[in-house]
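Here is how the chains run, residue by residue.
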Amino acid sequence: ACPCALGLATPTAILVGTGRAAQHGVFIKNGEALERGEKIDIIMLDKTGTITQGKPVVTDIIVDGIDEEGLLSVAASIESSSEHPLALSIINKAKEEGADIQKVQKFSSVTGKGIKGFVDDIEIRIGRKSFIEEATTISSTLITAADQYEHQAKTVVYVMVNNTCVGIIAIADEVKKESNEAIQQLHALGIKTAMVTGDNQKTAEAIAQKVGVTQIHAEVFPNDKLNIVKAEQKEGRRIAFVGDGINDAPALTQADLGIAMGTGTDIAIEAGQIVLVGGDPLKIPEAIKLSRRTFKTIKQNLFWAFIYNTVGIPLAALGFLNPMFAAGAMAFSSISVLLNSLRLKRA
């Protein structure tokens, strides 16, 4: 009787599994991440930078009572003080069109709604429809145009100047070409998918339809992501969260398995238990498949570790097993465990 094979069964499989994952651009920080990856019920994906490229660009501008250059000027001026991912797209568009970017006074940000401030004593607001409607009414022309853009999976921001909504800016963030296939592979593995986004319901539904996500959490404030994960966990579901931003870090930490995109922020990468180098969504189902193969291998290893002793000890006790054959069986049990673990290198 020898416990060598039992001692080798788990660590060899985990070592080979994590090494194989690294070759595929999936960095697994510990064995616990592999274990949790095998048991996931739902994978929640942040939209920006995970499902989409995370590089939004301005596609359309509709003005009402102001020229396009003037709209871009006030919008870019106030966005120059913002840290929101959409801000850079508006600033870049203003620079392309040669619009003047001015200094902003009394800048303030309302999380999940929009930003406001003053340019030459002129009050400017930019953000969601609800944020603008807190201060003024919006013309039906702008609302109709915004609805059309939202059905095209574009994010629309409204611009207010001195209590008058003067236009909208439509911004598109291209969906990664691998996102649809990645989500279909997850469904084939029996895992449900959900998209979490700050976009309104119409835009979220349009993107979800493109990629095949089955569940949508739209108009989500940054701190709500954590609460959504907790709510699903209270229902007894095991959750994986995939994200790349600073505001994804709490959800990545709370989830049963946090998966960070390698193209994201340092905070998100630190919070994730698995990091996808390069940010390819197809690496998400790949990580789950490898996790399942690794634990299947561990179970096989434990079987081989036990079977030799289970068969050999009674035979030896009855005097039917030559010590030389017993020694050989003991050595071969360890070798079989190692060889079985090495099969993961072909996974």
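Below, the structure is looked at part by part. This structure is a prediction, so every number in the text was calculated from the model and none was measured.

For the rest of this paragraph, the subject is helix α4 (residues 68-79). A rise of 1.5 Å per residue sets the reference length of α4, with its 12 residues, at 16 Å; its end C-alpha atoms lie 16 Å apart and thus fit the reference within 8%. Taken across its 12 residues, α4 has nine buried, putting it largely inside the fold. Buried residues of α4: Leu71, Leu72, Ser73, Val74, Ala75, Ala76, Ser77, Ile78 and Glu79, and no others. Where α4 begins, the capping side chain belongs to Asp67, and its oxygen is found 3.3 Å from the backbone nitrogen of Glu69.

This part is about the pairing of strand β9 (residues 192-196). The buried fraction of β9 is high, at four of five residues. Looking at chain direction, strand β2 (residues 42-46) and β9 are connected through five bridges and run parallel. Bridge pairing links Asp46 to Val196 in β9. The parallel pair β9 and strand β10 (residues 215-217), bridged by helix α9 (residues 201-211), forms a crossover whose chirality is right-handed.

Let's shift gears to the sheet that holds strand β6 (residues 122-127). Spatial ordering of the open sheet is given by β3-β8-β7-β6-β5-β4, a layout of six strands whose pairing is antiparallel. Looking at the sheet topology across the chains shown, the edges are occupied by β3 (57-63) and β4 (105-110). Each strand axis lies, on average, 15° off the axis of its neighbour in the sheet, ignoring direction. In terms of strand pairing, β4 meets strand β5 (residues 114-119) through four bridges, oriented antiparallel. Pairing of Val110 across the sheet is with Gly114, part of β5. Strand contacts of helix α7 (residues 140-151): β3, β7 (155-161) and β8 (164-172), with the helix running at about 10° to β8, the strand carrying the most contacts.

Conventions and cut-offs
Residues numbered from 1 in each chain as written. Predicted model: local features only at pLDDT ≥ 70, side-chain atom pairs only at ≥ 80, totals over all residues. Heavy atoms only, no water. Helix = DSSP H or I, 4+ residues; strand = E, 2+ residues; numbered from the N terminus. Expected span 1.5 Å × (residues − 1). Buried < 20%, exposed > 50% of the residue type's maximum accessible area, 1.4 Å probe, protein only. Polar contact = N/O pair within 3.5 Å; in protein donor to acceptor, adjacent residues only side chain to side chain. Pairing = 2+ DSSP bridges. Right-handed = clockwise from strand over helix to strand, strands pointing away. Axes fitted to C-alpha atoms, helices over the stretch in contact; angles between N-to-C directions. Contact = heavy atoms within 4.5 Å.

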